[in-house]
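# Report on the structure
Residues per chain, in single letters:
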Amino acid sequence: MVKLQKDEYLKNFESISGELSEEIVKKLLGDFNWRTRIVGATFAAIMNYQNFESQIGTLLLKSEVTFAANGYVLALARFNTPKSIEYLQKYLDYYLEEKELWFDQDDVMATLKWLDMQNNSSYHLDFMEKWNTFVSDKENWNLDRALSRIEEEMKSITELSELAKTSKDL
């Protein structure tokens, strides 16, 4: 995120962070629109509302709306529980076999790899063969690039989480 854009985003987030609640996240995740769902999942990540883990994991597996998975994976990465990892694995088990379904396999695979780096585990390696087969005809798909994006987004989630915590403490 460009510094100016990030500063503006942080300022805007700070102005609303005190109003965030589980009820708002629930409404956002329940809407059948990728924009509201991605915001709901991102807010769940920032506020670490782990009670939405099952709902977010199920939404990821269903893949009902495009683009929303980015928010889902950020929340699951933030929660970093065995159940979160299981949702990512289930997604990859199914969607890496569906070569015609170009959804969010890169974000999910990168998130699993990011979690492996955080947890000193190696779950993503179980999917490398499937991943390589899946991306063999997708020249613009790159795991390292997706991982860099997830790393940056998780840094932002952490920063926003700290900002929200500070706002609540005031």
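Counting restarts for each chain: residues are numbered from 1 in the order of the written sequence. Under the rules for a predicted model, residues below a pLDDT of 70 receive no local features and side-chain atom pairs below 80 are neither given nor counted, while totals for whole chains, interfaces and linings still include all residues. Think of the side-chain values as coming from all heavy atoms in the structure, minus any hydrogens and water.

### A look at the overall build of the chain
Under the convention used in this document: Helix and strand assignments come from DSSP, with helices taken as H or I runs of at least 4 residues and strands as E runs of at least 2, each series counted from the N terminus. When we talk radius of gyration, it's over C-alpha atoms, and the globule rule is simply 2.2 Å times the number of residues to the 0.38. Buried, partly exposed and exposed residues are distinguished by accessible area as a fraction of the type maximum, computed with a 1.4 Å probe on protein chains only: under 20%, between the cut-offs, and over 50%, respectively. Any pair of residues with heavy atoms lying within 4.5 Å of one another is described as a contacting pair.
When helices and strands are tallied, the chain shows nine helices and zero strands. Taken from the N to the C terminus, the helices and strands of the chain come in the order α-α-α-α-α-α-α-α-α. For 170 residues, the compact-globule estimate of 2.2 N^0.38 gives 15 Å, and the C-alpha radius of gyration of the chain, at 16 Å, lies within 12% of that figure. Dimensions of the chain, computed from the C-alpha atoms along their principal axes, are close to 50 × 30 × 25 Å. Counting the 170 residues in the chain, one finds 46% classified as buried. Contacts in the chain between residues far apart in sequence, at least 24 positions, make up 71% of those at least 6 positions apart.

### A few points about the packing of aromatic side chains
Using the following cut-off: Within 6.5 Å between ring centres, the rings of Phe, Tyr and Trp (the latter by its six-membered ring) count as paired, and their orientation is classed by plane angle as stacked under 30 degrees, edge-to-face over 60, tilted in between. Ring-over charges, as used throughout, are those where CZ of Arg or NZ of Lys falls within 6 Å of the ring centre and within 35 degrees of the ring normal.
Throughout the structure, instances matching the rule amount to eight aromatic pairs. Taking the centre distance of 6.3 Å and the plane angle of 55° together, the rings of Tyr 49 and Phe 52 count as tilted. Classification of Phe 52 by relative accessible area gives buried; the value is 6%. What links up through ring pairs into an aromatic cluster is the set Tyr 91, Tyr 94, Tyr 95 and Phe 103. Between Lys 83 and the ring centre of Tyr 87, over which it is positioned, the NZ or CZ distance is 5.2 Å. The side chain of Lys 138 reaches across the aromatic face of Phe 134, ending 4.0 Å from its centre.

### A few points about the packing of helix H4 (residues 53-62) against helix H6 (residues 82-95)
The condition that has to hold: With axes taken as lines fitted to C-alpha atoms, and helix axes fitted only over the stretch in contact, angles between N-to-C directions fall between 0 and 180 degrees. With respect to orientation, any angle under 35 degrees is reported as roughly parallel, any angle over 145 as roughly antiparallel, any angle of 65 to 115 as roughly perpendicular, and every other angle as oblique. Charged means Asp, Glu, Lys or Arg here, nonpolar means Ala, Val, Leu, Ile, Met, Phe, Trp, Tyr, Cys or Pro, and polar covers whatever is left, Gly included.
For the pair H4 and H6, the least separation of the axes is 9 Å and the interaxial angle reads 10°. Here H4 lies roughly parallel to H6, going by the angle between them. Together, Glu 53, Ser 54, Gly 57, Thr 58, Leu 60, Leu 61 and Lys 62 of H4 and Lys 83, Ser 84, Tyr 87, Leu 88, Lys 90, Tyr 91 and Tyr 95 of H6 make up the contact between the two elements. Of the residues that constitute the contact of H4 with H6, the class distribution is six nonpolar, four polar and four charged.

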